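Okay, here's what each chain looks like letter by letter:
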Amino acid sequence: MPSIAAARSSPMPMVNGDVSSPHKRRLRSNSASFDDPVCNTPAKSCSSLKSKSPRRSVNDSPNRSRSNVSFRLFVVETGVSLLKLKNSPRKKLLDSILDKPIWNPTDSEQLSVVKEALHVSTAPTMIVCREDEQKRIVEFCKQCVEQEKAGSLYICGCPGTGKSLSMENVKGCLAGWAKETGGQLPDILAINCTSFSNTSEIFNKVKIYMILIRIDSYVSNIMLKVSFILQILEKSKPNKKVNGRSTALKQLQQMYSQKQQSADTKMMLVIADELDYLITKDRVVLHDLFMLTTLPFSKVILIGIANAIDLADRFLPKLQSLNCKPAVVSFRAYSMDQIIMILKQRLMALPYTVFQPQALELCARKVAATSGDMRKALGICRGAIEMLETELRESTCTSTLTSMVRVDHMAIALSRAYKSPIVDTIQSLPQHQQIVLCSVVKLFRKGKKDTTIGELNKFYIDICKSTLIPPVGIMELSCMCRVLGDQGILKLGQSRDDKLRRVTLQVDEADISFALQGIRFFRNCLQ
């Protein structure tokens, strides 16, 4: 074509003796903002930065691997603004990713290590984002031990907010405090209330634990200890009751109502996880458990953990009337930045990069907007890795694929984790109906709440032409709108002329964007 021939015949401008194409000039203009945040080499003068393209600057460093170079070019091409991130968790996450080589998902050993690091059952090396809550719990326990005074604390929060995990750190803090100060570490009994077939069994478990502690303190012969333990287990009848109360509860109440014979009896910390499983119709068990801390000679420090925020107000009104309402520590749902920080902490130990930073941010943003459940975020990240596995297994040419978990992998994992009928419906629609919804979203972003089929048709044709997809006629478009209306996605008004019928969106725009963002074509359309 003449225009192409003219472009080829026109001389290119020379920069420093080299032929400079528009693409190279564009890269040179971005080099100052690209080299400084990414490269770990000492900063150079402005003149030296301008004289080299980003690719040459990176290649000058002997420590740069090919995978890191390609990822840095990816950062430039996708337009990630590193300067805008400043010192946020996302900036720190991006820095840690850029400093490592990209992993090999076809390596079974690497794959196993990554999945294990993101598994819920894997305890992190350090618990982050819960320092304030842990400090309050530790101070409460230390105060009870120092004053030799019983007390109760209720820990509440949504699932996956680090309540149970924080208690493991609290135990370690108490042990460290006792060792440093020479104080007395309380005997700790951790109970999961879901393990009881009968709610009153909790009192039997507390009683047996107390007796075992005494046996361990006063009996040195191992065989004699075993004999005593067998006798206790033989005589313990958890379901046996006297006047509607378990015998174990009666014995505990009697024990803590009298002055202890031994003056050196230690405090006892009882951690009851999943406390809401003890809620019965009459709430007697829950009430009696907290009342153990109010007895005159009680040595019990009770910490109850559950999801219900108002459990003390709804189920323990008697405690409030007796001025023994437990102290409350609330664990709020994780924010997006906190989820990114926790994911970074788990991935920090790995010697390679697994996720694109945008993929992790998408996961954190969606989970924080819905529930703030960290366990959900970990499961979604593992699901995104499985999406990458499937892609590599089904692809015939893996050389063009990146080894990192991308945004589209994460989007598919998120859609599977948050099964919404609307999202599933949109994802199962034919391509042209999805283009119609894409047109509606772009049209309504301009502040409109409704439009006509005629105006919608113009946007629909523009999208089709930009992607070289043949558009359908106005009559077919009207029929597609009626189908979408029957599915509850659009609402159509009445008019004699189809072009003048009003179209209103009946679902959230975010659901449409979320359902279609896993496909590059629609992701580009919605940007």
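Residues numbered from 1 in each chain as written. Predicted model: local features only at pLDDT ≥ 70, side-chain atom pairs only at ≥ 80, totals over all residues. Heavy atoms only, no water.

Observations concerning the confidence of the model for the protein
Working step 1: Mean pLDDT over the protein: 76, with 71% of residues reaching 70 or higher.
Working step 2: The spread of mean pLDDT over the elements of the protein runs between helix H3 (residues 46-50), the lowest at 38, and helix H9 (residues 131-147), the highest at 95.
Working step 3: Low pLDDT, under 50, characterises residues 1-86; the predicted model gives this stretch 81 contacts beyond four residues in sequence or across chains.
Working step 4: A low-confidence stretch, residues 238-244 stays under pLDDT 50, and its non-local contacts, those more than four residues away or across chains, total 11 contacts. (pLDDT = per-residue confidence, 0-100. Helix = DSSP H or I, 4+ residues; strand = E, 2+ residues; numbered from the N terminus. Contact = heavy atoms within 4.5 Å.)

Considering the packing of aromatic side chains
Working step 1: Considering all chains together, one arrives at zero aromatic pairs under this definition.
Working step 2: Above the ring of Tyr334, the side-chain terminus of Arg130 is found at 4.3 Å from the ring centroid. (Phe/Tyr/Trp six-rings, centres within 6.5 Å; stacked < 30°, edge-to-face > 60°. Lys NZ or Arg CZ within 6 Å of the ring centre and 35° of its normal.)

Points about the sheet that holds strand S11 (residues 490-492)
Working step 1: Taken together, three strands build an open sheet; the order of strands is S10-S12-S11 and the sheet is antiparallel. Every interior strand has two partners, whereas the edge strands, strand S10 (450-452) and S11, have only one. Within the sheet, the average angular offset between the axes of one strand and its neighbour, ignoring direction, is 30°.
Working step 2: In this structure, S11 lies alongside strand S12 (residues 502-505), joined through three bridges in antiparallel fashion. Paired with Lys491 across the bridge in S12 is Thr504.
Working step 3: Contacts from helix H23 (residues 453-466) reach S10, S11 and S12, with the element oriented near 85° to S10. (Pairing = 2+ DSSP bridges. Axes fitted to C-alpha atoms, helices over the stretch in contact; angles between N-to-C directions.)

Topic: helix H10 (residues 163-181)
Working step 1: Compared with an ideal rise of 1.5 Å per residue, which puts 19 residues at 27 Å, H10 spans 27 Å between its outermost C-alpha atoms and is within 8% of the ideal.
Working step 2: Looking one or two places after H10, you find Gly182, whose phi comes out positive at around 75°. (Expected span 1.5 Å × (residues − 1).)

Considering the packing of helix H17 (residues 336-347) against helix H18 (residues 357-370)
Packed helices, taken two at a time, are described by the angle between their axes plus the distance between the axes.
Working step 1: Taken N-terminus to C-terminus, the directions of H17 and H18 make an angle of 135°; their axes are 8 Å apart at the nearest point. Regarding the angle of H17 to H18, the classification is oblique. Pair H17 / H18 crosses with right-handed handedness. Between H17, through Met336, Ile339, Ile340, Leu343 and Leu347, and H18, the contact on the second element is made entirely by Leu360, Glu361, Ala364, Arg365, Val367 and Ala368.
Working step 2: Tallied by class, the residues present in the contact of H17 with H18 amount to nine nonpolar, no polar and two charged. (Parallel < 35°, antiparallel > 145°, perpendicular 65-115°, else oblique. Left-handed = near helix turned anticlockwise from the far one by under 90°. Nonpolar A, V, L, I, M, F, W, Y, C, P; charged D, E, K, R; others polar.)

Some remarks on the sheet that holds strand S4 (residues 187-192)
Working step 1: On the basis of which strands lie adjacent, the open sheet formed by five strands has the order S4-S7-S8-S3-S9 and parallel pairing. Because the sheet does not close on itself, it has two edges, and the strands there are S4 and strand S9 (327-331). Between one strand and the next, the sheet's axes are offset by a mean angle of 15°, whatever the strand orientation.
Working step 2: With five bridges connecting them, strand S3 (residues 151-157) and S9 associate as parallel partners. In the strand pairing of S9, Leu153 is matched with Ala327.
Working step 3: Strands S3, strand S7 (268-273), strand S8 (300-306) and S9 of the sheet are contacted by H9, whose axis makes an angle of about 160° with S9.

Here we look at the environment of Gly183
Working step 1: In this fold, Gly183 is placed in the loop between H10 and S4.
Working step 2: The class of Gly183 is partly exposed, set by a relative accessible area of 33%.
Working step 3: On a C-alpha basis, the gap between Gly183 and Glu146 in space is 8.1 Å, while along the polypeptide they are 37 residues apart. (Buried < 20%, exposed > 50% of the residue type's maximum accessible area, 1.4 Å probe, protein only.)

Topic: the side chain of Lys163
Working step 1: With respect to the secondary-structure elements, Lys163 resides in helix H10.
Working step 2: Buried within the structure, Lys163 lacks any salt-bridge partner; Asp273 is the closest side chain of opposite charge, at an N-O distance of 6.8 Å.
Working step 3: Not counting the four nearest positions on each side in its chain, Lys163 is found in contact with Ile155, Cys156, Gly157, Cys158, Ile305, Ala306, Asn307 and Phe331. (Lys, Arg positive; Asp, Glu negative; His and termini not counted. Salt bridge = Lys/Arg side-chain N within 4 Å of Asp/Glu carboxyl O.)

Side note on the pattern of salt bridges
Working step 1: Tallied over the entire structure, the rule returns 12 salt bridges.
Working step 2: A salt bridge links Lys171 to Glu168, with the nearest nitrogen and oxygen atoms 3.5 Å apart. Residue Lys171 and its partner Glu168 are located together in helix H10, separated by three residues, close to a single helical turn.
Working step 3: With relative accessibility at 22%, the residue Lys171 sits in the partly exposed group.
Working step 4: One salt bridge in this structure joins Asp408 and Arg406, with 2.9 Å as the shortest N-O distance.

Remarks on the state of the cysteines
Put plainly, a disulfide is one covalent bond tying together the sulfur atoms of two cysteines.
Working step 1: This structure, assessed with the given rule, holds zero disulfides.
Working step 2: Cys144 carries a free sulfur, and the closest cysteine sulfur to it, the one in Cys141, is 6.6 Å from it.
Working step 3: Its sulfur unpaired, Cys481 is 9.3 Å from the next cysteine sulfur, which belongs to Cys479. (Disulfide = S-S within 2.5 Å.)

Observations concerning unusual backbone geometry
Working step 1: Phi at Cys129 is positive, roughly 70°, even though this residue is not glycine.
Working step 2: Note on placement: Cys129 falls in the loop between helix H8 (108-117) and H9.

Some points on the packing of H17 against helix H19 (residues 374-394)
Working step 1: Taken N-terminus to C-terminus, the directions of H17 and H19 make an angle of 55°; their axes are 11 Å apart at the nearest point. Between H17 and H19, the crossing angle belongs to the class labelled oblique. Considering the relative orientation of H17 and H19, their crossing is right-handed. Residues Ile339, Ile342, Leu343 and Arg346 of H17 pack against Met374, Ala377, Leu378 and Cys381 of H19.
Working step 2: Taken together, the residues of the contact of H17 with H19 break down into seven nonpolar, no polar and one charged.

Notes on the nonpolar core
Working step 1: Among the nonpolar cores identified, the biggest contains 74 residues, and Val354, Phe355, Ile385 and Met410 are the most heavily contacted of them.
Working step 2: In terms of residue count, the dominant contributor to this core is H19 (nine residues).
Working step 3: Both of domain 2 (336-394 + 402-418) and domain 3 (422-526) provide at least three residues apiece to this core.
Working step 4: Residues Ile191, Met268, Val300 and Cys324 belong to the second largest nonpolar core, which totals 33 residues. (Core = buried A, V, L, I, M, F, W, Y, C linked by side-chain atoms within 4.5 Å. Domains from an automatic or database assignment.)

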